[in-house]
Amino acid sequence: MITIKTVSLSPDEKAELEKALRKFAAKRETNFDFISSEVSMGTDKILLGYEGSRNIHFTRPRTFIDRYLPKLIINLPRNTTDLFYRLRLSNVSTAVLVLLVIGVAAGIISVSVGEGTTEALIYPPGFLCIFALGTLLEYKLSALKIKRALSKYRLLKHQPAEKATW
């Protein structure tokens, strides 16, 4: 698993983030690494959540267009002393990245030995750049979902309770 970013939090920020993500996540019973997260949900659910033994995992629900982007998973440790969360690639996305890097290395080696063509230096790095751009886009979309969940949670938390009208 490759961590894209680790974000440090204060104890209050971690508690608020966990509550916000839990409130606006549809609970799943299986880990997100090897299953599809394509789903159609209601408007009140922003994320998908899975509670593991050591971490709570969240991911962005995907549409049929998004399925080609690398999947990022938000890991929030259940241990209260760990004051951070991580954005990481799923296992499938990590495997694709490793294969692309091996392709780039194989292309460089084959050209340096004299057996490869210039396409070996163009296509694998090109696909690696496309993968990197897809990961950046998925990172931005996931960060936007986290911010949206936090802002919706804060609005609900500070909203005055409605009075009974009857």
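Just so you know, these numbers come straight off a predicted model, no measurement behind them.

Caption draft 1: Summary view of the side chain of Ser142. Assignment of secondary structure puts Ser142 in helix H3 (residues 119-158). Taking the relative accessible area as the measure of exposure, Ser142 reaches 3% and is therefore buried. Sequence-distant contacts of Ser142, defined by excluding residues within four places in its chain, comprise Arg60 and Leu72.

Caption draft 2: Examining the sheet that holds strand E2 (residues 25-27) more closely. Read across the open sheet, the 6 strands follow the order E1-E6-E5-E4-E3-E2; overall the sheet is mixed. The two strands at the open ends of the sheet, each matched to only one other strand, are strand E1 (3-8) and E2. For this sheet, the mean inter-axis angle between neighbouring strands, taken without regard to orientation, is 25 degrees. As defined by bridge partners, strand E4 (residues 55-59) adjoins strand E5 (residues 72-77) across 5 bridges and the pair is classed as antiparallel. Paired with Asn55 across the strands is Pro77, a residue of E5. Of the strands in this sheet, E1, strand E3 (47-51), E5 and strand E6 (84-89) are in contact with H3, which crosses E5 at around 50 degrees.

Quick notes on the rules
Residues numbered from 1 in each chain as written. Predicted model: local features only at pLDDT ≥ 70, side-chain atom pairs only at ≥ 80, totals over all residues. Heavy atoms only, no water. Helix = DSSP H or I, 4+ residues; strand = E, 2+ residues; numbered from the N terminus. Buried < 20%, exposed > 50% of the residue type's maximum accessible area, 1.4 Å probe, protein only. Contact = heavy atoms within 4.5 Å. Pairing = 2+ DSSP bridges. Axes fitted to C-alpha atoms, helices over the stretch in contact; angles between N-to-C directions.

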